[in-house]
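# Working through the structure, step by step
What follows is the residue order along each chain.
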Amino acid sequence: MKDDNFLKEENARHLWHPMGHPAALRETPPRIIRSAQGVSITDQEGHSAVDAVGGLWCVNLGYSNQKVKDAIAAQLQDLPYYSAFAGTTNPSAIEASHAVCEFFAEDGMARAFFTSGGSDSVDTALRLARQYHRLNGAPQRTKFLSLKKGYHGTHWGGASVNGNNRFRIGYEPLLPGCFHLPSPYTYRNPFDETDPATLAQKIAAAMEDEIAFQGAETIAAFIMEPIQGAGGVIVPDASFMKLMREICDRHGILLISDEVITGFGRTGHWSGARHWGVKPDMMTTAKGITSGYYPVGATLVSDKVAGVFEGAGAEGAIWHGYTYSAHPVGAAAVVATLKETLRLDLASNAAARGDQLFKGLQALAERHEIIGDMRGGHGLMAGLEIVSDRGSKTPMDAAGMARIHAATYEAGAMVRLGMHNILMSPPLVITEAEIDTILTALDTGLAAA
Ligand SMILES: Cc1ncc(COP(=O)(O)O)c(C=O)c1O
């Protein structure tokens, strides 16, 4: 490894970072995270902080899970790579597909298609949805519905169903035939509706209206996150996903549950759809599938979807896939991660620590006027919407958010900013004392706005 001076001089010189301005990052280089242990990260200056971001909603097992590290190392020795394109496979891929389908069996998932991450999983699901309808004799079903504020990655398909315009505008035109419904976001919505159950009904009515306008027979799938993550941790009413399921069923539209964040225990249940009592037709996963230790995703399909492909003639072949689909090292990471996820019962800890975090944030909202809205309470996902004025709901400016972020970090917790939202998704192994550290650090940070 090069010395400190080299790293500082070269920081952001040759690396274009995702989700950042290259010139701004050359001006103010990003913090170098050097190491991590348990749920804490340490930077190049030697400062440590509890990672309330969980890497990027993904390090569910924390940074020190030796079983997953050993599984990856062992697989590298046995078989570092081999293709899974039809004709060859590898033992870890077979085991991983069994493990993932077993993990989500209660959600009705029956087959897994491995990818290298969440964006891949989303695009895979969208493509398979179109092919499903084509195989079913409805090739005109090509359109997609999704929610504003939804985040579904940055490939062309995912960006097209994405509901946050900063990920879209610079890259337009996107895929034609994608239409967006209002988000179940009670703090700001076009209906001026603050009651979550009524808002859910209004969005359902808007969906029916859009389906009637487009023609149900032209729509392939509706994709949604059970709890919207990157859009600001937007928790819908408990009725919402069931309403969406019912409308999709009535119109022959596939329901894709984007579980890239919510899968594997984050909501306090093993999947977000299960949290709301819904069985989707497809699930998209990544992140917690390897706790972020190796880039893997998986698109899962139900028996109904699988049956159509497997019962079809030559057109049932899947002409889609990635060099690293079912990568042996990634698959070994999946097998070990799922075992550890279940052994440590991460969903139960997420539920308990999520309650603690939410109650702590409620207490902070009583003391800090700049907290306009506070969201979470369903496992370890939480969001604070920061405003400069509660009455007018004016979003806090970027400089104020940067001050909060820096002061929180100095006080011992790394949080994530999403515009004027503070987003939290700590590792699911986090302890009571570590949640308290996050809350205390945030208290300091909010005072620095
Ligand atoms: C719900 C959801 N879908 C898809 C993605 C894209 O995943 P990736 O960044 O691994 O491509 C993300 C990433 O945060 C996500 O939160």
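Scope of this entry: the structure provided in the associated data block.

Analysis parameters
- Counting starts from 1 at the beginning of each chain's written sequence and moves along it residue by residue.
- Where local features are concerned, this predicted model is filtered to residues with pLDDT of at least 70; where side-chain atom pairs are given and counted, the filter is 80 or more; whole-chain, interface and lining totals use all residues.
- Side-chain descriptors were evaluated using all non-hydrogen atoms of the structure, hydrogens and water having been removed beforehand.
- Nonpolar cores are built from buried Ala, Val, Leu, Ile, Met, Phe, Trp, Tyr and Cys residues. Side-chain atoms within 4.5 Å join them into one set.
- Only protein chains enter the accessibility calculation, which uses a 1.4 Å probe. A residue is then buried if its area is under 20% of the maximum for its type, exposed if over 50%, and partly exposed in between.
- Helix numbering and strand numbering both begin at the N terminus, where a helix is a DSSP run of H or I of at least 4 residues and a strand a DSSP run of E of at least 2.
- What makes two residues a contact is simply this: any of their non-hydrogen atoms within 4.5 Å.
- One less than the residue count of a helix, multiplied by 1.5 Å, gives the span that helix is expected to have.
- Salt bridges, as used here, are contacts in which a Lys or Arg side-chain nitrogen is within 4 Å of a carboxyl oxygen on Asp or Glu.
- We call a residue near a molecule or strand whenever a single non-hydrogen atom of that residue lies within 4 Å of it.
- Polar contacts, as used here, are pairs of N or O atoms within 3.5 Å; protein pairs need one atom able to donate a hydrogen and one able to accept it. Residues neighboring in sequence count only if both atoms are side-chain atoms.
- Computed by Shrake-Rupley with a 1.4 Å probe, the accessible areas treat only the displayed protein chains as cover when residues are assessed.
- Basically, the charged four are Asp, Glu, Lys and Arg, the nonpolar ten are Ala, Val, Leu, Ile, Met, Phe, Trp, Tyr, Cys and Pro, and anything else, Gly included, counts as polar.
- Two strands pair under a simple rule: DSSP has to find at least two bridges between them.
- Pairs were defined over the aromatic rings of Phe, Tyr and Trp, the Trp ring being its six-membered one, requiring ring centres within 6.5 Å. Orientation was assigned from the angle between planes: stacked under 30 degrees, edge-to-face over 60, tilted for the rest.
- Where helices are involved, their axes are fitted lines through C-alpha atoms of the stretch in contact, as for all axes, and angles between N-to-C directions lie from 0 to 180°.
- Comment on the angle field: the value is read as roughly parallel under 35 degrees, roughly antiparallel over 145, roughly perpendicular from 65 to 115, and oblique elsewhere.
- Each helix crossing is assigned a hand: it is left-handed if the near helix lies turned anticlockwise from the far helix by less than a right angle, otherwise right-handed if that turn is clockwise.

## Describing the nonpolar core
Core analysis: the biggest nonpolar cluster contains 69 residues, and L361, L384, I386, I422 and M424 have the highest contact counts within it. In terms of residues, this core owes the most to one element, helix α13 (residues 346-367), which gives 8 residues. Excluding residues within four positions of it along the chain, M424 makes contact with A52, W57, L357, L361, L380, M381, A382, L384, V415, I438 and L442. If you look at the next biggest cluster of nonpolar residues, it comprises 30 residues, including L199, I227, I247 and I261.

## As for α13
Residue pairs three or four apart in sequence face the same way in an α-helix, which turns once every 3.6 residues. Here α13 spans 31 Å end to end across 22 residues, near enough to the 32 Å set by a 1.5 Å rise per residue. Every buried residue of α13 is accounted for by L346, A347, A350, R353, G354, Q356, L357, F358, G360, L361, L364 and A365.

## Side note on the pattern of salt bridges
By the definition in use, this model includes 16 salt bridges. A salt bridge links R274 to D107; its shortest N-O distance comes to 2.6 Å. Here R274, found in helix α10 (residues 272-275), pairs with D107, found in the loop between α5 (91-103) and β4 (109-115); they are 167 residues apart in sequence, far enough to count as distant. Note on R274: relative accessible area 16%, which makes it buried. Under the relative-accessibility criterion, D107 is labelled buried at 1%. Taking the shortest distance from any N to any O, the salt bridge between K304 and D281 comes out at 3.2 Å.

## A look at unusual backbone geometry
Between E172 and the following residue, P173, the backbone shows a cis peptide bond with an omega angle of 5°. As for its placement among the helices and strands, P173 is situated in the loop between α7 (156-161) and β6 (178-181). One non-glycine residue, F264, lies in positive phi territory at about 70°. Phi at K393 is positive, roughly 60°, even though this residue is not glycine.

## Remarks on the site of the ligand
The environment of the ligand is formed by G117, G118, S119, Y151, H152, G153, E225, D258, V260, I261 and K287. In the model, an oxygen atom of the ligand is placed 2.9 Å from a nitrogen or oxygen of the G118 main chain. A distance of 3.4 Å separates a nitrogen atom of the ligand from a polar backbone atom of Y151. Coverage of the ligand by the protein chains reaches 82% of its 390 Å² of free accessible surface. Residue composition of the shell around the ligand, by class: 3 nonpolar, 5 polar and 3 charged.

## A look at the pairing of strand β11 (residues 371-375)
Regular strands show a simple pattern: their side chains alternate between the two faces of the sheet. The element β11 is largely enclosed, with a buried count of 4 among its 5 residues. Hairpin connection of β11 to strand β12 (residues 382-389): 6 residues between the antiparallel strands, including G376 at a positive phi of 150°.

## Re the sheet that holds strand β2 (residues 40-43)
The mixed open sheet is built from 4 strands, whose spatial order is β1-β2-β3-β14. Unpaired on one side and paired on the other, β1 (33-37) and β14 (413-414) mark the two borders of the sheet. Bridging between strand β3 (residues 48-51) and β14 involves 2 bridges; their strand directions are parallel. Residue pairing across strands places V50 opposite A413, the latter belonging to β14.

## As for the packing of aromatic side chains
Two measures describe an aromatic ring pair: the distance that separates the ring centres and the angle between the ring planes. The tally for this structure, following the rule as stated, stands at 6 aromatic pairs. A ring pair is formed by Y81 and Y324, whose centres lie 6.1 Å apart and whose planes are at 85°; its orientation type is edge-to-face. Here Y81, found in the loop between α4 (66-78) and α5, pairs with Y324, found in the loop between α11 (303-310) and α12 (328-343); they are 243 residues apart in sequence, far enough to count as distant. Overall, Y81 belongs to the partly exposed group, its relative accessible area being 31%. Its relative accessible area of 49% is what places Y324 among the partly exposed residues. Aromatic ring contacts, followed pair by pair, group F103, F104, F264 and W270 into a single cluster.

## Focus on the packing of α13 against helix α15 (residues 432-447)
Packed helices, taken two at a time, are described by the angle their axes make and the gap between the axes. Interhelical geometry of α13 versus α15 gives an angle of 20° and a closest axis separation of 10 Å. Judged by the inter-axis angle, α13 sits roughly parallel to α15. In this structure, α13 crosses over α15, and the sense of that crossing is right-handed. Contacts between α13 and α15 pair R353, Q356, L357, G360, L361, L364 and R367 from the former with E432, I435, D436, I438, L439, L442, D443 and L446 from the latter. The class makeup of the residues in the contact of α13 with α15 is 8 nonpolar, 2 polar and 5 charged.

## Structural notes on the side chain of S146
Along the polypeptide, S146 turns up in strand β5 (residues 143-147). Overall, the relative accessible area of 0% leaves S146 in the buried class. Only 2.7 Å separates the side chain of S146 from the backbone oxygen of V161, close enough to count as a polar contact. Residue contacts for S146: discarding those within four places in its chain leaves V161, F179, H180, L181, F222 and I223.

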